Amino acid sequence: MILASLRRHGLPVLAALSIIGVSPAQAQSALRVGSKIDTEGSLLGNLMIQVLEAGGIKTENRLQLGVTKILRSALVSGEIDLYPEYTGNGAFFFADESNPAWKNRTAGYERVRALDLEKNKLVWLEPSPANNTWAIAIRKDVASANKLVSLADLGRWVTGGGKLKLAASAEFVERPDALPAFQSAYGFKLKQDQILTLAGGDTTVTIKAAAEQTSGVNAAMAYGTDGPVAALGLVILDDPKGVQPVYAPAPVIRADALAKQPKAKELLAPVFKALDGPTLQSLNAKIALDGQDAKKVAATWLKAKGFVK
């Protein structure tokens with residue numbers, strides 16, 4: 001509004017920017033940082049914004065913009081410049097699900113990096129060592145009573161009449177590399193009344209639904225780095241067939257934006273390198289269970305690790 005007012009008074013854009021204290025370089029090079037709507041998306045997005053700002057790079061907050069499809073579309077179209085994505089999603093982005101590379105951490109990262117740079121001019125920066133793979137978590141009491149340790153056990157139990165009801169996002173239910181892949185590999189099929197589809201992609205909501213037995217739910221879509229799983233009395237079932245790709249979190253940035261702000265790469269690299277599985281579970285739990293603000297959780301951790309002063 002201020003800029004528009006100055007323009008109405010006949011001032012050129014460069015002069016207007018100078019008056020309100022924003023240099024032309026800042027106006028043109030601020031990185032628009034997005035994130036997904038779930039707990040970890042907010043955490044990673046806040047970590048990225050804070051470390052970039054501390055390093056002298058102006059940002060525009062577009063956090064919790066939407067689900068994967070929305071973020072991906074916004075990045076490719078140039079509506080945002082940067083957001084945290086997961087390497088395994090490359091299999092879905094490029095209809096390459098049958099390629100075994102996605103189940104290997106290094107090979108999957110190298111493949112998505114090469115494909116996205118060539119086809120979309122997107123640059124995948126250094127990933128986290130964590131694996132935030134999709135999983136199915138089940139109440140511990142149900143798991144113990146029915147000796148359910150793995151998804152193979154779950155498949156046999158459901159096929160034999162076991163009463164399972166799963167809380168999940170529409171994305172998890174519909175995407176071919178998520179629930180359909182688990183069902184195909186482990187020989188079970190959930191009926192419509194055995195699935196409670198919840199809005200958004202936040203596993204905090206699905207896990208709580210199972211913990212509280214909402215609408216009879218006793219299992220939940222979860223991620224490998226979810227903090228609330230154990231604390232709320234659930235256990236993640238093993239995936240002995242390795243159905244899921246490796247989902248390592250990594251910053252993905254438009255090549256043109258990185259060319260304008262090359263320092264972003266060196267600022268983000270040590271942060272993501274430090275985000276191993278236990279660290280992400282702990283930080284996610286502070287937000288999802290303790291009710292702490294993601295921005296404050298990010299700030300406290302970055303200061304403790306020495307990434308910001």
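Remember, it's a predicted structure, so these values are computed and weren't measured experimentally.

What counts as what
Residues numbered from 1 in each chain as written. Predicted model: local features only at pLDDT ≥ 70, side-chain atom pairs only at ≥ 80, totals over all residues. Heavy atoms only, no water. Helix = DSSP H or I, 4+ residues; strand = E, 2+ residues; numbered from the N terminus. Rg over C-alpha atoms; globule rule 2.2 N^0.38 Å. Buried < 20%, exposed > 50% of the residue type's maximum accessible area, 1.4 Å probe, protein only. Contact = heavy atoms within 4.5 Å. Areas by Shrake-Rupley, 256 points an atom, 1.4 Å probe, with all protein chains shown as cover. Lys, Arg positive; Asp, Glu negative; His and termini not counted. Charge placed at Lys NZ, Arg CZ, Asp CG, Glu CD. Axes fitted to C-alpha atoms, helices over the stretch in contact; angles between N-to-C directions. Parallel < 35°, antiparallel > 145°, perpendicular 65-115°, else oblique. Nonpolar A, V, L, I, M, F, W, Y, C, P; charged D, E, K, R; others polar. pLDDT = per-residue confidence, 0-100. Polar contact = N/O pair within 3.5 Å; in protein donor to acceptor, adjacent residues only side chain to side chain. Salt bridge = Lys/Arg side-chain N within 4 Å of Asp/Glu carboxyl O. Phe/Tyr/Trp six-rings, centres within 6.5 Å; stacked < 30°, edge-to-face > 60°. Lys NZ or Arg CZ within 6 Å of the ring centre and 35° of its normal. Core = buried A, V, L, I, M, F, W, Y, C linked by side-chain atoms within 4.5 Å. Pairing = 2+ DSSP bridges.

Examining the overall build of the protein chain
Secondary structure assignment for the protein chain yields 17 helices and 10 strands. Radius of gyration (C-alpha) of the protein chain: 21 Å, near the 19 Å computed for a compact globule of 309 residues. Out of the 309 residues in the protein chain, the part that is buried amounts to 51%. For the protein chain, contacts bridging at least 24 residues in sequence account for 73% of all contacts bridging at least 6. A total accessible area of about 14,200 Å² is found for the protein chain, and carbon and sulfur atoms account for 54% of it. Here the protein chain holds 36 positive side-chain charges and 29 negative ones, and the gap between their average locations is 2 Å.

What about the environment of Lys 286?
Looking at where Lys 286 falls in the secondary structure, it is placed in helix α16 (residues 277–288). With sequence-adjacent residues up to four places away left out, Lys 286 is seen in contact with Gly 291, Gln 292 and Val 297.

Some remarks on the packing of helix α4 (residues 39–54) against α16
Remark: α4 packs on α16, axes separated minimally by 10 Å, with the N-to-C direction vectors making an angle of 110°. When the axes of α4 and α16 are compared, the pair comes out roughly perpendicular. The residues of α16 that touch α4, namely those facing Thr 39, Glu 40, Leu 43 and Leu 44, are Leu 280, Leu 283, Asn 284, Ile 287 and Ala 288. Broken down by class, the residue content of the contact of α4 with α16 amounts to 6 nonpolar, 2 polar and 1 charged.

Description of the confidence of the model for the protein chain
Confidence in the prediction for the protein chain averages 90 pLDDT; 91% of positions are at 70 or higher. The low-confidence segment residues 1–27 (pLDDT under 50) makes 15 contacts with residues lying over four places distant or belonging to another chain.

A short note on the side chain of Thr 87
Position of Thr 87 among the secondary structure elements: in the loop between β3 (82–86) and α6 (90–93). Within the structure, Thr 87 has its side chain in polar contact with the backbone oxygen of Val 246 (distance 3.0 Å). In contact with Thr 87, other than residues within four places in its own chain, are Trp 102, Tyr 109, Val 112, Trp 124, Val 246, Tyr 247 and Ala 248.

With respect to the pattern of salt bridges
On inspection of all chains with the given rule, the structure shows 11 salt bridges. Taking the shortest distance from any N to any O, the salt bridge between Asp 116 and Arg 72 comes out at 2.6 Å. Highlighted residues: Asp 116 in helix α7 (residues 105–120) and Arg 72 in helix α5 (residues 68–77), separated in sequence by 44 residues. As far as the burial class goes, Asp 116 and Arg 72 line up, both buried. As a salt-bridge pair, Asp 177 and Arg 175 come within 2.7 Å of each other at their nearest N and O atoms. With respect to burial, Asp 177 and Arg 175 carry one shared label: buried.

Some points on the packing of aromatic side chains
Counted according to the given criterion, the structure contains 6 aromatic pairs. An angle of 50° between the planes, with centres 6.4 Å apart, marks the rings of Phe 92 and Phe 93 as tilted. Three or more aromatic residues joined by ring pairs form one cluster here, namely Trp 134, Phe 172, Phe 182, Tyr 223 and Tyr 247. The aromatic ring of Phe 93 is capped on one face by Arg 72, whose charged end is 4.1 Å from the ring centroid. For Arg 175, the ring lying beneath its charged end belongs to Phe 92, and the centroid distance is 4.0 Å.

Brief notes about the nonpolar core
One finds Leu 31, Leu 52, Ile 136, Ile 138, Leu 154, Phe 172 and Leu 275 to be the most contacted residues of the largest nonpolar core, which totals 64 residues. No other element matches α4, which puts 7 residues into this core. Excluding anything up to four places from it in sequence, Ile 138 contacts Ala 143, Leu 148, Leu 154, Trp 157, Leu 164, Asn 218, Ala 219, Gly 233, Leu 234, Val 235 and Leu 237.

So, the pairing of strand β6 (residues 166–169)
Of the two faces of β6, the one holding Leu 166 and Ala 168 and the one holding Ala 167 and Ser 169 are both buried throughout. Summarising the sheet, β6 and strand β7 (residues 195–198) pair through 4 bridges and their orientation is parallel. Across the sheet, the residue bridging to Ser 169 is Leu 198, located in β7.

As for the sheet that holds strand β8 (residues 219–223)
Taking strand neighbours across the sheet as the criterion, the 5 strands line up as β7-β6-β8-β5-β9 in an open arrangement whose pairing is mixed. Looking at which strands have only one partner, the edges of the open sheet turn out to be β7 and β9 (234–236). The mean angle between the axes of side-by-side strands here comes to 35°, regardless of whether they run parallel or antiparallel. Bridging between strand β5 (residues 134–139) and β9 involves 3 bridges; their strand directions are antiparallel. Residue Ala 137 lies in a different strand from β9, and its bridge partner there is Ile 236. Strands β5, β6, β7, β8 and β9 of the sheet are contacted by helix α12 (residues 203–211), whose axis makes an angle of about 150° with β8.

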